[in-house]
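The lines below spell out each chain.
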Amino acid sequence: MVLRKVDDAVEQFKKNCIKQGQALEAGNYKVGNKSAKSIYESIVFLKANHQIDLLKPFLFEGNENLRIWSARALIHSYSSLCLKVLQDIANTSEGIHGLDAEMVISEYKKGNI
């Protein structure tokens, strides 16, 4: 999908974060990888249009994967808040999302994100 509107990018981001999280939990990496590509496209589009802050409300949503991707996208603008969100997930989630949150924190501290 070629993104032309900010609202479409935000909706695509949210939809694919949820879809990718479900795919990872089910072990369906083909769907997960396809969704991740769409997530990256949304982030790039939002950053290019100076609208990345529209993802901030997703830091407080119930879906862990949506929170992780949002924190990753916003970590340079809101590092303290995003690190807290990621640490909360890492501390409370025993599945793939807890590990993913730990990896994002680690990669951020190494300067790779």
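For the structure itself, look to the data block above.
Remember, it's a predicted structure, so these values are computed and weren't measured experimentally.

The next subject is the nonpolar core. Phe-13, Ile-43, Ile-52, Leu-55, Trp-69 and Leu-86 are the most contacted members of the largest nonpolar core, which totals 29 residues. Counting residues per element, the ones that place at least two in this core are helix H1 (6-26), helix H2 (29-48), helix H3 (64-74), helix H4 (79-92) and helix H5 (96-109). A per-element tally of this core places H3 first, with six residues. If we skip the residues at most four places from it in the chain, Leu-55 touches Phe-13, Leu-46, Ser-70, Ala-73 and Leu-74.

Attention now moves to the packing of H1 against H3. The interhelical angle for the contact between H1 and H3, taken along N-to-C directions, is 125°, at an axis separation of 8 Å. Taken together, H1 and H3 sit at an angle that is classed as oblique. Classified by chirality, the crossing of H3 by H1 is right-handed. Two secondary-structure elements touch here, H1 through Phe-13, Lys-14, Cys-17, Gln-20 and Gly-21 and H3 through Asn-65, Leu-66, Trp-69 and Ser-70. Residue composition of the contact of H1 with H3, grouped by class: four nonpolar, four polar and one charged.

In this section: the packing of aromatic side chains. The description of an aromatic ring pair uses the distance of the two centres, along with the angle that the planes make with each other. Under the criterion given, the structure shown has two aromatic pairs. Each ring, one from Phe-13 and one from Phe-58, has its centre 6.1 Å from the other, and the planes form 15°; the classification is stacked. Placement of Phe-13 in helix H1 and of Phe-58 in the loop between H2 and H3 is noted, with a sequence separation of 45 residues between them. By relative accessible area, Phe-13 is classed as buried at 0%. With relative accessibility at 8%, the residue Phe-58 sits in the buried group. Seen in terms of ring centroids, Tyr-40 and Trp-69 are 5.2 Å apart; in terms of plane orientation they differ by 85°. Their pairing is edge-to-face. Residue Tyr-40 is found in helix H2, and its partner Trp-69 is found in helix H3; the two are separated by 29 residues along the sequence.

The rules behind each value
Residue numbers restart at each chain and count upward from 1, following the sequence in its written direction. Local features in this predicted model are restricted to residues whose pLDDT is 70 or higher, and side-chain atom pairs enter the listing and the counts only when it is 80 or higher, whereas totals over whole chains, interfaces and linings include all residues. In computing side-chain properties, one takes all heavy atoms of the structure into account and sets aside hydrogens as well as water. Among the buried residues, those of types Ala, Val, Leu, Ile, Met, Phe, Trp, Tyr and Cys that are joined through side-chain atoms within 4.5 Å form a nonpolar core. Relative accessible area decides the class of each residue, using a 1.4 Å probe on protein chains only: under 20% of the type maximum gives buried, over 50% gives exposed, and in between gives partly exposed. Helix and strand labels come from DSSP, where a helix needs a run of H or I of at least four residues and a strand needs a run of E of at least two; each type is numbered from the N terminus. Any two residues whose heavy atoms approach within 4.5 Å at even a single point are treated as in contact. For every element, the axis is a line fit to its C-alpha atoms; helices are fit only across the contacting stretch, and the angle between N-to-C directions ranges from 0 to 180 degrees. Every angle not falling under 35 degrees, over 145, or within 65 to 115 is termed oblique; those three ranges are roughly parallel, roughly antiparallel and roughly perpendicular. The crossing is said to be left-handed when, going from far helix to near helix, the turn is anticlockwise and less than a right angle, and right-handed when the turn is clockwise. Under the scheme applied here, ten amino acids are nonpolar (Ala, Val, Leu, Ile, Met, Phe, Trp, Tyr, Cys and Pro), four are charged (Asp, Glu, Lys and Arg), and all others, including Gly, are polar. Only rings of Phe, Tyr and Trp enter the pairing, Trp through its six-membered ring, and a pair is recorded when the two centres are within 6.5 Å. The plane angle decides the type: under 30 degrees is stacked, over 60 is edge-to-face, the rest tilted.

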